[in-house]
Structure formats: C-alpha cells, structure tokens
Amino acid sequence: YVALLSAYAGGSCWSSAVEVLRKLEAEGGDKVDVTTFSAAMTACERGHAWQQSLHLFNSMRKGGLKLDRVAFNAAISACGKGHLSTRASELLVEMKRRTLTADQITYTAAITAVSAGAHWRSALDVFQSMKASGAKPSLLSANAALGACKWGG
C-alpha cells in the first residue's frame with residue numbers, strides 16, 4: 001500500500017491517497033502505520049493540501065503511532081506550504097525533544113518553511129543548526145536560506 005500511496009504522491013493525487021488510507025483504517029489490522037500515514041501526508045503536501053497533511057499528522061499523534069523523522073519531515077514541509085513558520089519551528093524542536101535526528105531533508109524543509117513566513121533570521125538560525133548538527137547543507141538548503149535573506153531585506 002505504501003507504493004500505491006507514494007505513486008499518488010508523485011502524481012499529486014492527494015484525495016485518492018487519503019481515501020486509500022481511510023479504507024485501510026476501516027479494515028483495521030497492522031496495514032496502517034507511520035509509513036502509510038507519511039506517504040499519504042506527502043501526497044497531500046505535494047497536492048497543495050497542506051491542511052490535510054497536518055490533519056493526518058495530528059491523527060497519527062492522537063492514534064498513538066510512534067512518529068518518525070519522515071512524518072516530521074512531511075509535517076514541516078506542509079507548514080512551509082501553509083506559511084506556518086512558527087509551527088514548523090515548533091515541530092523541529094519537538095523532533096529534537098523526541099530524540100529524533102534531523103537530516104538534510106528536515107532542515108531544508110524547516111528553512112523553507114520559516115523563510116516562507118518572511119523570518120529570515122530564523123531561517124539563518126536553522127541553517128546554522130543544520131551545520132552544527134553535522135547534517136551537510138545542500139544547494140537547496142543554502143538557496144532557501146539565501147532566499148530568506150532576499151525577502152527579509
């Protein structure tokens with residue numbers, strides 16, 4: 001099912017991904033886990049349904065699923081699409097509190113999210129945190145940080 005959900009993500013067919021997820025939930029069993037939820041979240045985020053992506057993240061939390069880095073990455077990325085810079089920063093902090101290791105994808109999504117909210121100083125702080133953590137900055141993360149400075153003045 002993860003492959004199907006990932007295919008929906010590639011095609012930005014978020015509503016189909018959510019439909020499959022809901023069907024799996026109705027069937028019960030161990031078919032619904034953090035991986036299937038994260039794949040559906042990614043489909044939502046790529047389909048510009050960032051609110052739905054965050055709703056799925058909160059459903060995982062309420063359902064007691066153990067959140068992993070991929071789920072947080074999808075949620076932080078959704079925050080970027082929704083210009084929720086503060087929420088993205090909070091998720092990054094929560095991730096660290098849960099002792100989940102942020103990676104290049106995490107930091108790039110966070111930099112993009114905070115820069116979308118015109119918080120250039122926060123974007124640079126996240127970029128510095130990325131370097132300090134040992135995660136290797138990518139061209140995308142560097143461009144996101146530079147873009148934040150451009151928009152910030």
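Here we summarise the structure given alongside this text. (Residues numbered from 1 in each chain as written. Predicted model: local features only at pLDDT ≥ 70, side-chain atom pairs only at ≥ 80, totals over all residues. Heavy atoms only, no water.)

Counting through the fold element by element, E94 comes out in helix α6 (residues 85-97). Look at E94 and you get buried, because its relative accessible area is 9%. Beyond its immediate stretch of four places on either side in the chain, E94 contacts R61 and F72. (Helix = DSSP H or I, 4+ residues; strand = E, 2+ residues; numbered from the N terminus. Buried < 20%, exposed > 50% of the residue type's maximum accessible area, 1.4 Å probe, protein only. Contact = heavy atoms within 4.5 Å.)

Their axes nearest at 8 Å, the elements helix α1 (residues 2-10) and helix α3 (residues 34-46) cross at an angle of 10 degrees. It follows that α1 is roughly parallel to α3 by the angle criterion. Across from V2, L5, S6, Y8, A9 and G10 in α1, the residues of α3 making contact are T35, T36, A39, A40, T42, A43 and R46. Residues that form the contact of α1 with α3 fall into these classes: seven nonpolar, five polar and one charged. (Axes fitted to C-alpha atoms, helices over the stretch in contact; angles between N-to-C directions. Parallel < 35°, antiparallel > 145°, perpendicular 65-115°, else oblique. Nonpolar A, V, L, I, M, F, W, Y, C, P; charged D, E, K, R; others polar.)

With a phi close to 65 degrees, H48 is a non-glycine residue in the positive phi region. Of note, H48 is situated in the loop between α3 and α4 (50-62). Judged by relative accessible area, H48 falls into the exposed class, the value being 61%. With a phi close to 60 degrees, H83 is a non-glycine residue in the positive phi region. Along the chain, H83 turns up in the loop between α5 (69-81) and α6. Residue H83 is classed as exposed on the basis of its relative accessible area, which comes to 51%.

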